[in-house]
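Secondary and tertiary structure notes
Here is how the chains run, residue by residue.
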Amino acid sequence: SIGSEICRQVLARGPRALVALGHGEQSIYLLLESLRDEGVTIPVIPVIADVADETTMKMVFEKHRPQTIFHAGAHKHVPLMEDNPREALRVNAFGTWNIATLAGKNGVERFVMISTDKAVNPTNIMGATKRICELIIQYCSRHSKNTDYMAVRFGNVLGSNGSVIPLFKRQIAAGGPVTVTHPDIIRYFMTIPEAARLVIQAGGMAHGGEIFILDMGEPVKIVDLARNLIRLSGLEPDVDIKIKYTGLRPGEKLYEELLLDSEGGCQKTSHQLIYIGKPIPFDEETFLADLESLRKVAGVDNVKMVELVHRLVPTYTGHAERSDALAAE
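All values derive from a computational prediction rather than experimental measurement. (Residues numbered from 1 in each chain as written. Predicted model: local features only at pLDDT ≥ 70, side-chain atom pairs only at ≥ 80, totals over all residues. Heavy atoms only, no water.)

**Overview of the overall build of the protein**
A tally of regular secondary structure across the protein gives twelve helices and 14 strands. The C-alpha radius of gyration computed for the protein amounts to 20 Å, which stays within 12% of the reference 20 Å derived for 329 residues, consistent with globular compactness. Expressed as lengths along the three principal axes of its C-alpha atoms, the size of the protein is roughly 60 × 55 × 40 Å. Going through the 329 residues of the protein one by one, you find that 47% of them count as buried. In the protein, 77% of the contacts between residues at least 6 apart in sequence involve partners at least 24 apart. Carbon and sulfur atoms make up 52% of the accessible area of the protein, which totals about 15800 Å². Between the mean site of the 36 positive side-chain charges and the mean site of the 40 negative ones, the protein shows a separation of 3 Å. (Helix = DSSP H or I, 4+ residues; strand = E, 2+ residues; numbered from the N terminus. Rg over C-alpha atoms; globule rule 2.2 N^0.38 Å. Buried < 20%, exposed > 50% of the residue type's maximum accessible area, 1.4 Å probe, protein only. Contact = heavy atoms within 4.5 Å. Areas by Shrake-Rupley, 256 points an atom, 1.4 Å probe, with all protein chains shown as cover. Lys, Arg positive; Asp, Glu negative; His and termini not counted. Charge placed at Lys NZ, Arg CZ, Asp CG, Glu CD.)

**Quick word on helix α10 (residues 284-297)**
Every α-helical turn comprises 3.6 residues, leaving residues that sit three or four positions apart pointing alike. Here α10 is 14 residues long and its end C-alpha atoms lie 20 Å apart, about the 20 Å a rise of 1.5 Å per residue gives. Residues of α10 that are buried: Phe287, Asp290, Leu291, Leu294 and Val297. On an axial view of α10, the arc spanned by its buried residues comes to 135°, and they lie on one face. Counted as exposed and oriented over 90 degrees from the buried face of α10: Glu285 and Lys296. Those residues of α10 hidden inside the fold are in contact with α5 (85-105), α6 (125-142) and α11 (302-312). A distance of 3.3 Å separates the backbone nitrogen of Glu285 from a side-chain oxygen at the start of α10, and that oxygen is part of Asp283. Residue Gly299 follows α10 closely and has a positive phi angle near 85°. (Expected span 1.5 Å × (residues − 1). Arc of directions from axis to C-beta. Polar contact = N/O pair within 3.5 Å; in protein donor to acceptor, adjacent residues only side chain to side chain.)

**Focus: the packing of helix α7 (residues 164-173) against helix α9 (residues 222-232)**
For the pair α7 and α9, the least separation of the axes is 10 Å and the interaxial angle reads 45°. In terms of their interaxial angle, α7 and α9 are classed as oblique. Between α7 and α9 lies a crossing whose hand is right-handed. Between α7 and α9, the contacting residues are Val164, Ile165, Phe168 and Ile172 on the first element and Ile222, Leu225, Ala226, Leu229 and Ile230 on the second. (Axes fitted to C-alpha atoms, helices over the stretch in contact; angles between N-to-C directions. Parallel < 35°, antiparallel > 145°, perpendicular 65-115°, else oblique. Left-handed = near helix turned anticlockwise from the far one by under 90°.)

**Concerning the sheet that holds strand β14 (residues 274-277)**
Judged by pairing direction, the sheet is mixed, and its six strands sit side by side in the order β3-β4-β5-β10-β14-β13 without closing on themselves. Two strands in the sheet have a free side with no partner beyond their single neighbour: β3 (68-71) and β13 (266-268). Direction aside, the axes of adjacent strands within the sheet are offset by 30° on average. Sheet topology places strand β4 (residues 110-114) next to strand β5 (residues 148-153); five bridges connect them, and they run parallel. Bridge pairing links Arg110 to Asp148 in β5. Across the sheet, α6 lies against β4, β5 and β10 (210-214), angled at about 155° from β5, the strand it touches most. (Pairing = 2+ DSSP bridges.)

**Some words on the packing of aromatic side chains**
In total, this model carries three aromatic pairs according to the counting rule given. Ring centres 5.6 Å apart and planes at 45° place the aromatic pair Phe111 and Tyr149 in the tilted group. With Phe111 in strand β4 and Tyr149 in strand β5, this pair connects stretches of sequence that are 38 residues apart. Here Phe111 matches Tyr149 in class, with each residue buried. (Phe/Tyr/Trp six-rings, centres within 6.5 Å; stacked < 30°, edge-to-face > 60°.)

**Digging into the nonpolar core**
General note: in soluble globular proteins, nonpolar side chains tend to be found buried as a group. Counting 47 residues, the largest nonpolar core has Phe61, Leu89, Phe111, Ile132, Ile136, Leu291 and Leu294 as its most contacted members. Excluding anything up to four places from it in sequence, Ile132 contacts Leu89, Ala93, Phe287, Leu291, Leu294, Leu312 and Val313. In this structure, Leu198, Ile200, Phe212 and Ile276 belong to the second largest nonpolar core, which totals 34 residues. (Core = buried A, V, L, I, M, F, W, Y, C linked by side-chain atoms within 4.5 Å.)

**Quick look at the side chain of Glu252**
Relative to the helices and strands, Glu252 is located in the loop between β12 (243-245) and β13. Judged by its relative accessible area of 11%, Glu252 falls in the buried class. Side chain to side chain, Glu252 and Thr181 meet in a polar contact 3.4 Å long. Only 2.9 Å separates the side chain of Glu252 from the side chain of Arg249, close enough to count as a polar contact.

Now the structure itself:
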């Protein structure tokens with residue numbers, strides 16, 4: 001959803017061509033169909049590929065020679081990735097390593113990675129992998145002469161794949177109940193077009209290595225969002241449509257954060273909704289060694305895998321029972 005909207009907004013700025021790369025053929029097909037319906041005449045080249053497939057990605061870079069990359073491809077569903085940590089690492093961390101390093105080798109001018117508020121003090125493997133991605137971006141930035149790397153960190157987007165809005169709408173249409181994990185759970189929200197626009201604008205500000213943080217406004221209680229959607233459907237919450245609390249899912253927080261304590265506050269930019277977090281120094285040799293070790297043990301030795309994720313992301317806490325369960329598998 002974010003990737004498709006970035007494609008639309010980039011096309012509106014008149015590039016010579018756009019390469020739309022995705023692992024899911026249906027999402028690329030739907031994007032191409034909608035662009036045809038909208039009368040887009042700029043060449044859009046569809047590529048079905050897995051960012052974690054290094055051989056294929058090398059061929060893509062050599063063939064298309066992109067100038068700017070917006071990297072939005074990742075596994076994002078927290079509970080699903082808690083049950084599939086190897087896949088989260090394979091796609092999010094090692095996929096980002098593949099295309100970020102290839103960008104530097106192939107003369108890409110700008111590399112913009114989409115991050116998430118779940119990378120801050122992560123309690124789930126998805127958030128931990130995205131924090132690893134941020135560190136990869138900072139590492140590549142320090143070792144690239146020609147490519148400006150940056151990450152853009154923000155919260156949830158309304159109506160995206162995996163958003164609660166489509167789920168709530170389906171539940172309301174079915175007569176309820178609407179399921180909310182906890183009465184006090186809150187999240188930051190932004191519309192898809194606004195998030196995509198700010199991502200592109202942040203990409204234009206970068207000099208290399210920044211983590212841009214979008215001002216998401218005030219957080220919203222999920223239960224209030226559910227009640228408002230029920231009322232907008234012409235129904236009464238707790239009368240026509242019940243609200244059912246199901247309990248926090250594995251790896252889920254009551255609230256998300258946009259800034260690590262050690263990032264020391266935000267630096268203002270020329271845009272009132274875009275800030276920069278201060279990069280946190282880390283030992284690069286240890287980082288690379290741990291990353292390579294993680295690649296070897298992911299899915300093979302879960303005890304070592306959990307240990308290495310904690311070493312790479314010291315702020316990763318995870319749920320103790322989930323870490324123990326992974327280690328036991």
